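Structural features, examined
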Amino acid sequence: MSVLVFLENWDGKFKKLSFELISYAAKVAEMLDDKAVVLSIGKVDSSELEKLAAFGASKIISIENDLLKTLDDQAYAGIIAEVAGRSNAKVLILANNNTGKALAPRLSVRLRAGIASGVSKLPLSTDPFTVYKKVYSGKAFAHVTIKTGIKILTLAQNSFDLVESPQSFVLEKMDLQPEAGLMKTNVKDVQKQTGKILISDADIVVSGGRGMKSPENWGPLVELAQLLGAATACSRPVSDEGWRSHDEHTGQTGKIIAPNLYIAIGISGATQHLAGISSSKFIVAINTDKDAPVFEAAQYGIIGDAAKILPKLVEAVKEMKSK
Amino acid sequence: MKILVCISHVPDTTTKVKFINESKTLDVNGIQWVINPWDELALTRALELKDDAANGIQTVTVAHVGAATSDPTIRKALAIGADDAIRVNVETTDAYSIASHLADAIRNENFDLILCGIESSDHNGSTVGGMLAEFLGYPSVTGVSSVTFENGVPLIIREIDGGKEILTVNPPLVAVVQKGIAREPRIAAMRGIMMARTKPIKVVEAQGIDCLTEVVGYELPKPRAACKYVNADDAGQLIALLQNEAKVF
């Protein structure tokens, strides 16, 4: 039996999310007295695959079939289900990102396996198999019992710390073909963001709201973000006004994130905004209104005007970095 | 061409949730129920597609799994502009049973494009759309921020980590849609509200319930420690606190 974790790659590379998934899978495997097996689909060099062993993978299965260059939900689900069967997987773990959201539900039906999505902690118990997950967009948590023999979990990004536990491992190159005629997704073009830190990957996010007053005032906010190696984000009114790109909208209907540090500047903290950022480990709020709800969610706050405070923060970060 | 939009019925997103019955049940007292925000955007996009005659969309149907208590939410979807509705008469929170009932109810209706919101704002599952596609044996695309038609074939933008893909999939298919699919939800006009009263809601009785998961309890987040304030004149102090106390740098 095994705990099988599915990994995608980004241009042949893994990222922190991949290692979080394996760390999590290895711990779940330990609770069940099982082994963690990794399934990687796509072209990834052996040296990159070997990095996975450090986080507790005892077996790494790599499938590089050219037909699988494009994510086709049906074809991928077929392959993963086949590998789950061959590895006698009891628990299947995917990321709670768009790829995981595409595949986990199809696998649930194929394998008749109950799903808990967006888990952020290890299972509360393994018999019954009960997990802890966010519901009502972070306003509450649920204990969910999965009643089937096979369980599927999708892990929220940035919610589980990396655990290094180097293993001796087996690397198996498996040649599996997608079922004939199943590739129905025809990708015509790919547009990638380059040179920008992704909001979902970032450890620090600096975010601006209507309190920034106008799009011309974003200079110091962007500078602060650059100095901190942070991603920039914004509230919904800001993206709706077109002051910043829609890609930057964090909140319930935008990006839901969990960085180490979220700095909310001129954001009052509507329920829908807080729903998207409440899993951040630290929240800093800067707002002129001392009664703004964002201060209830924040650990650190400054009551004042962003235009006056941002330059002081930029200076302080420069000073910190010069030491 | 026929479009189906699956809608979920959720507490208004500004609701402060509370639980009763030893934290096992949501306290529905005083809750305003709405169409799940992503489903509302999906419906808006479906109606926009129908508005353009060149797309050749004959009908936009909404489907819902739930008890008669969700009929006002379905009427709202009809008032916004859906032509008709299907409700599977069963109450369940398990995604697998919701999707299997939906699949049974619509299997013979031959929808070409099925739109589902990427998650419901109550259970945040992100699962019903993909499950429905698998039950029906249809292809699915998840994280869709745009759907248009080019010669009868859906042209789709899929959001991926760090970019977008532009792709086509021949119908029938399920598109699981997210932010960007429509700009603002369409609002019901008085005429729509009047017309919705006579639009048909087909009620389908569910055949047995097969739940794979069960919510055994809820808890509220632990209150965060009180906010520590830094004086605006000494804003730089914040950086020192983040470095030495929070240790985030």
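Analysis parameters
- Residues numbered from 1 in each chain as written.
- Chains lettered and ligands numbered in written order.
- Predicted model: local features only at pLDDT ≥ 70, side-chain atom pairs only at ≥ 80, totals over all residues.
- Heavy atoms only, no water.
- Salt bridge = Lys/Arg side-chain N within 4 Å of Asp/Glu carboxyl O.
- Helix = DSSP H or I, 4+ residues; strand = E, 2+ residues; numbered from the N terminus.
- Buried < 20%, exposed > 50% of the residue type's maximum accessible area, 1.4 Å probe, protein only.
- Contact = heavy atoms within 4.5 Å.
- Polar contact = N/O pair within 3.5 Å; in protein donor to acceptor, adjacent residues only side chain to side chain.
- Nonpolar A, V, L, I, M, F, W, Y, C, P; charged D, E, K, R; others polar.
- Domains from an automatic or database assignment.
- Buried area = accessible area lost by both parts, 1.4 Å probe.
- Pairing = 2+ DSSP bridges.
- Right-handed = clockwise from strand over helix to strand, strands pointing away.
- Axes fitted to C-alpha atoms, helices over the stretch in contact; angles between N-to-C directions.
- Core = buried A, V, L, I, M, F, W, Y, C linked by side-chain atoms within 4.5 Å.
- Patch = residues over 30% accessible without salt bridge, like charges linked within 9 Å, V, L, I, M, F, W, Y side chains within 5 Å.
- Areas by Shrake-Rupley, 256 points an atom, 1.4 Å probe, with all protein chains shown as cover.

Our next topic: the pattern of salt bridges. Residue and element names in this part refer to chain B. Summed over the entire model, instances satisfying the criterion amount to 40 salt bridges over all chains. In this structure, Arg 45 and Glu 48 form a salt bridge, with 2.7 Å as the shortest nitrogen-oxygen distance. Of the two residues, Arg 45 and Glu 48 both sit in helix 1 (residues 37-51), 3 residues apart, roughly one turn of that helix. What makes Arg 45 buried here is its relative accessible area of 16%.

Turning to the interface of chain B and chain A, a few remarks are in order. Across the contact, 82 residues belong to chain B and 86 residues belong to chain A. Summed over the shared surface of chain B and chain A, the result is 9 salt bridges. Across the pair Glu 150 of chain B and Lys 188 of chain A runs a salt bridge, and its minimum N-O distance is 3.8 Å. For the pair chain B and chain A, the number of links is 38 residue pairs in polar contact (both at pLDDT 80 or more). Looking at the side of chain B that touches chain A, the elements that each hand over two or more residues are helix 1, helix 4 (128-136), strand 9 (140-150), strand 10 (153-160), strand 11 (163-168), strand 14 (213-219), strand 15 (228-229) and helix 6 (237-244) of chain B. For the side of chain B that touches chain A, the leading source of residues is strand 14 of chain B, giving 7 residues. A per-class count over the side of chain B that touches chain A returns 40 nonpolar, 23 polar and 19 charged.

Residue and element names in this part refer to chain A. Annotation of chain A at the domain level lists domain 1 (2-173) and domain 2 (204-322). The straight-line distance from the C-alpha centre of domain 1 to that of domain 2 is 32 Å. Every contact between the two is made by 6 residues of domain 1 and, on the other side, 9 residues of domain 2. Contact with domain 2 buries surface across domain 1, with Lys 134, Ser 137 and Asn 158 losing the most and accounting together for 71% of the total. Across the contact surface, domain 1 and domain 2 share 0 salt bridges. For the pair domain 1 and domain 2, the interface holds 3 residue pairs in polar contact (both at pLDDT 80 or more). Split into classes, the residues belonging to the side of domain 1 that touches domain 2 amount to no nonpolar, 4 polar and 2 charged.

Okay, the pairing of strand 6 (residues 59-65) of chain B next. Residues and elements named next belong to chain B. In terms of burial, strand 6 is a largely internal element, 6 of the 7 residues being buried. Bridging between strand 1 (residues 2-6) and strand 6 involves 5 bridges; their strand directions are parallel. Bridging across to strand 6, Cys 6 finds its partner in Ala 63. Taken together, the 5 bridges between strand 6 and strand 7 (residues 84-89) define a ladder with parallel strand orientation. Residue pairing across strands places Val 62 opposite Ala 85, the latter belonging to strand 7. For the crossover from strand 6 across helix 2 (residues 71-80) to strand 7, the handedness is right-handed.

Here we take up the sheet that holds strand 12 (residues 173-177) of chain B. Here we have 10 strands laid out as an open sheet, ordered 11(A)-11(B)-10(B)-9(B)-12(B)-8(B)-1(B)-6(B)-7(B)-13(B), and mixed in their pairing. Unpaired on one side and paired on the other, strand 11 (186-192) of chain A together with strand 13 (201-205) of chain B mark the two borders of the sheet. Across the sheet, the mean angle separating the axes of adjacent strands is 30° when strand polarity is ignored. For strand 9 of chain B and strand 10 of chain B, the ladder comprises 6 bridges, and the chain directions are antiparallel.

What follows deals with the nonpolar core. Soluble globular proteins tend to pack their nonpolar side chains together in the buried interior. With 44 residues, the main nonpolar core has Leu 52, Ile 93 and Leu 153 of chain A as its most contacted residues. For this core, the secondary-structure elements that each account for two or more residues are strand 1 (2-7), helix 1 (16-32), strand 2 (35-41), strand 4 (89-95), strand 5 (114-119), strand 7 (129-135), strand 8 (140-146) and strand 9 (151-155) of chain A. Here this core takes 10 residues from helix 1 of chain A, the largest share from any one element. Listed in part, the 37 residues of the second largest apolar core include Ile 7, Ala 82, Val 141 and Ala 175 of chain B.

On to the side chain of Ser 2 of chain A, then. All names here are of chain A. Residue position: Ser 2 is located in strand 1. Classification of Ser 2 as buried rests on a relative accessible area of 2%. Once residues lying within four places of it in the same chain are set aside, the contact partners of Ser 2 are Asp 34, Lys 35, Val 37, Ser 87, Asn 88, Ala 89, Lys 90 and Val 91.

Residues and elements named next belong to chain B. Together, Met 190, Ile 193 and Met 194 make up an exposed nonpolar region whose accessible area comes to about 300 Å². Residue position: Met 194 is located in helix 5 (residues 190-196). Met 194 sits in the partly exposed class, given a relative accessible area of 45%.

What follows covers the sheet that holds strand 16 (residues 300-303) of chain A. Strand order in the open sheet formed by 6 strands is 13(A)-12(A)-14(A)-15(A)-16(A)-15(B), and the pairing between neighbours is parallel. Of all strands in the sheet, those with a lone pairing partner are strand 13 (231-234) of chain A together with strand 15 of chain B, marking the two edges. Relative to strand 14 (residues 261-265) of chain A, strand 12 (residues 204-208) of chain A runs parallel, the two being bridged by 5 bridges. In the sheet register, Val 205 of chain A faces strand 14 of chain A, and the bridge partner there is Tyr 262 of chain A. Sitting on the sheet, helix 6 of chain B touches strand 14, strand 15 (282-287) and strand 16 of chain A together with strand 15 of chain B, and the angle it makes with strand 16 of chain A is about 180°.

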